[in-house]
Amino acid sequence: MQPTDIQNPDYFHKVVDCQWACPSHTPVPEYIRLIAAGRYDDAYMVNWKSNVFPGVLGRTCDRPCEPACRRGRVEEEPVAICRLKRVAADYKSEDIARRVALGRAASNGKRIACVGAGPASLTVARDLAPSGYEVVVYDSAPKGGGFIRSQIPKFRLPESVIDEEIGYITDLGVQTRYGTYVPSLKALLDEGYDAVFVGSGAPRGRDLDVPGRAEAAANVHIGIDWLNSVSFGHVSTIGRRVIVLGGGNTAMDCCRSARRLGGEEVTVVVRSGFEEMKASPWEKQDAMNEDIPILNFMVPKTVEHEGGRLTGMTFEKVKAVYDDKGRRSLVPTGEADEFIACDDVLVAIGQENAFPWIERDIGIEFGRWDMPKVDEVTFQSTNSRVFFGGDAAFGPKNIIWAVAHGHQAAISIDLLCRGGDLRARPEPTTTLVSQKMGIHEWSYDNEVAIDLRFKVPHLEKSKALASIADEVELGFDPVLAFKEAQRCLNCDVQTVFAPKLCIECDACVDICPVDCITFTEDGEEAELRTRLQAPATNLSQDLYISHGLKTGRIMAKDEDVCLHCGLCAERCPTGAWDMKRFLIDLAQVTPIVAVEKEGVAA
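The shown structure was predicted, so the numbers you read here are calculated from the model rather than taken from an experiment.

**Student:** Summarise the nonpolar core; cite the residues concerned and give the values.
**Tutor:** If you look at the biggest cluster of nonpolar residues, it comprises 67 residues, and the most contacted ones within it are Leu-185 and Phe-388. Cys-18, Leu-34, Ile-81 and Val-87 belong to the second-largest nonpolar core, a separate cluster that totals 60 residues.

Here it is as structure tokens:
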């Protein structure tokens, strides 16, 4: 095998599994160490730079980082990364407002419009405004936030958190035109904007097409529209018996909201299996903890009514059947249909994009599902001045993906306005610094805690169900936050090997608790993986291969199982192993002029 090129920025980045899995590549171990040290402002700023909304995401992120967490390979549960992010937001000081106020360069004469005030558009605005761009954000809602505000219930995400973090962005000089619907993209382009970013989300909920739906329409509600009405105070009650259709996070928000607005018997009905539901596992668990049953493998058949008054729904029972290629289909079980009485139905079976305001003669091509054709690298449409991101680009995902799209689209808009090549993406910067403070001492805490994951305190159920606004999750206090932070394995502190110093004494092999180091003859990767100390079966994680040693052998380390405990470096008599902190800083739009605002350097 070829020796590993540790100068490649993606090599060690990929080893930091949590950061690699995060769409915006937040330096997770970095901010967790800062939290453990009580440096909440610094931890907040690490998050704010990469994911823009630490307080929001610390409560609502879909957590792609946690399944990737290395702790989950040695214990049942990963580090509570998402909830630690919230700690940084909860305990930051009032001085943070000055730190996020980057200042503003003199106007560069370029005007950018963002359609929709959701996370993707706000990220674009946050990245461009400090470079002198005049950014105008349009949204038909009376306040910014998009689906963050309209579809996530206040008992999960307090409005004050949304207001605060959007305020940090608008304070950069971003203009907002809330309560303004954009009826024509062509007209917007004609206003002379140098670029337009479309972050309008997926605003249309899918409807139910079964007999009786139209007749009982008064009590059959589209889930996202109903949540929006609840959020803005237009709806404050619901019937005693409620059926929620759907298995995603929106369905979980609907059923939990219904419980708080008078629904005494709220039932979720899903056509697929429980394990196949798109809702996050913790969202399902939170619903069940509030006494909401989830019935699966039931397909809506009819909406029952008496003279237009909803009485219930009938469902056909199905089962999953797989063909010889593993493709699944749902077929009737032959059991009798099941009737569930109800007073209201909330339909949360998916969301769709809707672009009636985009003319089809302005150079934007649409493809399958009437979605715009968008470059997955640059986020540019077939009209060079129009960019898409978030749910409007590739369909519904989640907040952290929208933020990642916003960062990349902002880079593209900046390159377009400067006359650059949009595909010439700026490179990240990396650092790799030894943590050695003595022969066997490190500048980070490398003691591995054996604690199981600490549980986040919750509001008492009776109090939680009595209010649509009282936050259910109370968050970690500083003591619990420190304990949970100690579970992090510091996988950004890399084991770096210097073959010229190695005497092949095998001390590191002997002390390694997970048998991830092997000194052996070289060979083809597939064969080499089978004869390591422990077979390296995860092909998605690379092997660390050294240059040839004095004996002609190589050192091969399985990055997949390494715990970054540092025992190899502590045991090595020659210093061939070192623990080096790796930090990758993903490129964003760089402010043209560094300025000072209220004494704080940009």
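**Student:** Break down the domain arrangement of the protein chain for me, with residues and values.
**Tutor:** Accessible area lost on assembly of the parts is the figure often given for the size of an interface. On domain assignment, one finds that the protein chain holds domain 1 (102–202 + 353–417) and domain 2 (205–350). One C-alpha centre belongs to domain 1, the other to domain 2, and the line joining them spans 32 Å. For the domain 1 and domain 2 pair, buried surface summed over both sides reaches about 970 Å², with 54% attributable to carbon and sulfur atoms. Counting across the domain 1 and domain 2 interface gives 2 salt bridges. Seen at the junction of domain 1 and domain 2, the total is 5 residue pairs in polar contact (both at pLDDT 80 or more). Per-class residue counts for the side of domain 1 that touches domain 2 are 6 nonpolar, 2 polar and 3 charged.

**Student:** Summarise the packing of helix 14 (residues 249–260) against helix 15 (residues 281–289); cite the residues concerned and give the values.
**Tutor:** Look at helix 14 against helix 15: their axes get within 10 Å of each other, and the N-to-C directions meet at 20°. One way to sum up the angle between helix 14 and helix 15 is to call them roughly parallel. Between helix 14 and helix 15 the crossing geometry is left-handed. Together, Asn-249, Met-252, Cys-255 and Arg-256 of helix 14 and Glu-283, Lys-284, Asp-286 and Ala-287 of helix 15 make up the contact between the two elements. A class-by-class count of the residues in the contact of helix 14 with helix 15 yields 3 nonpolar, 1 polar and 4 charged.

**Student:** Quick rundown of the packing of aromatic side chains? Include the residues and the values.
**Tutor:** Tallied over the entire structure, the rule returns 12 aromatic pairs. Judged by centre distance (6.5 Å) and plane angle (80°), the rings of Tyr-44 and Tyr-168 are edge-to-face. Note that Tyr-44 is positioned in helix 4 (residues 40–51) and Tyr-168 in helix 11 (residues 159–170), a separation of 124 residues in sequence. Grouping residues by exposure puts Tyr-44 and Tyr-168 together as buried. Ring geometry for Phe-497 and Trp-577: centres 4.8 Å apart, planes at 50°, overall tilted.

**Student:** Go over the sheet that holds strand 9 (residues 294–295), please, and point to the residues and values.
**Tutor:** With respect to topology, 5 strands assemble into an open sheet ordered 6-14-7-8-9, the strand pairing being parallel. Either end of the sheet is taken by a strand with one partner, and the two such strands are strand 6 (220–222) and strand 9. The sheet contact formed by strand 7 (residues 241–245) and strand 8 (residues 265–269) spans 5 bridges and is parallel. Across the sheet, the residue bridging to Val-242 is Val-266, located in strand 8. Here helix 13 (residues 223–231) sits on the sheet and contacts strand 6 and strand 14 (344–347); the angle it forms with strand 6, its principal contact strand, is near 85°.

**Student:** Please provide a residue-by-residue account of the pattern of salt bridges, values included.
**Tutor:** Within the structure shown, the criterion is met by 52 salt bridges. Note that Glu-66 and Arg-63 form a salt bridge whose closest N and O atoms lie 3.9 Å from each other. Arg-63 matches Glu-66 in its accessibility class, with the two residues each being buried. The closest approach of N and O atoms between Asp-163 and Arg-149, which form a salt bridge, is 2.8 Å. Of this pair, Asp-163 sits in helix 11 while Arg-149 sits in helix 10 (residues 147–150), and the two are 14 residues apart along the sequence. Take Arg-149: its relative accessible area is 5%, and that puts it in the buried class. Connected via shared salt-bridge partners are Asp-17, Arg-70, Arg-73 and Asp-560.

**Student:** Run through the confidence of the model for the protein chain, naming residues and quoting values.
**Tutor:** Per-residue pLDDT for the protein chain has a mean of 94; in total, 98% of the residues score no lower than 70. Ignoring residues within four places in sequence, the model shows residues 593–602, a span with pLDDT below 50, making 18 contacts including any to other chains.

Reading the values: the criteria
Residues numbered from 1 in each chain as written. Predicted model: local features only at pLDDT ≥ 70, side-chain atom pairs only at ≥ 80, totals over all residues. Heavy atoms only, no water. Core = buried A, V, L, I, M, F, W, Y, C linked by side-chain atoms within 4.5 Å. Buried < 20%, exposed > 50% of the residue type's maximum accessible area, 1.4 Å probe, protein only. Domains from an automatic or database assignment. Buried area = accessible area lost by both parts, 1.4 Å probe. Salt bridge = Lys/Arg side-chain N within 4 Å of Asp/Glu carboxyl O. Polar contact = N/O pair within 3.5 Å; in protein donor to acceptor, adjacent residues only side chain to side chain. Nonpolar A, V, L, I, M, F, W, Y, C, P; charged D, E, K, R; others polar. Axes fitted to C-alpha atoms, helices over the stretch in contact; angles between N-to-C directions. Helix = DSSP H or I, 4+ residues; strand = E, 2+ residues; numbered from the N terminus. Parallel < 35°, antiparallel > 145°, perpendicular 65-115°, else oblique. Left-handed = near helix turned anticlockwise from the far one by under 90°. Contact = heavy atoms within 4.5 Å. Phe/Tyr/Trp six-rings, centres within 6.5 Å; stacked < 30°, edge-to-face > 60°. Pairing = 2+ DSSP bridges. pLDDT = per-residue confidence, 0-100.

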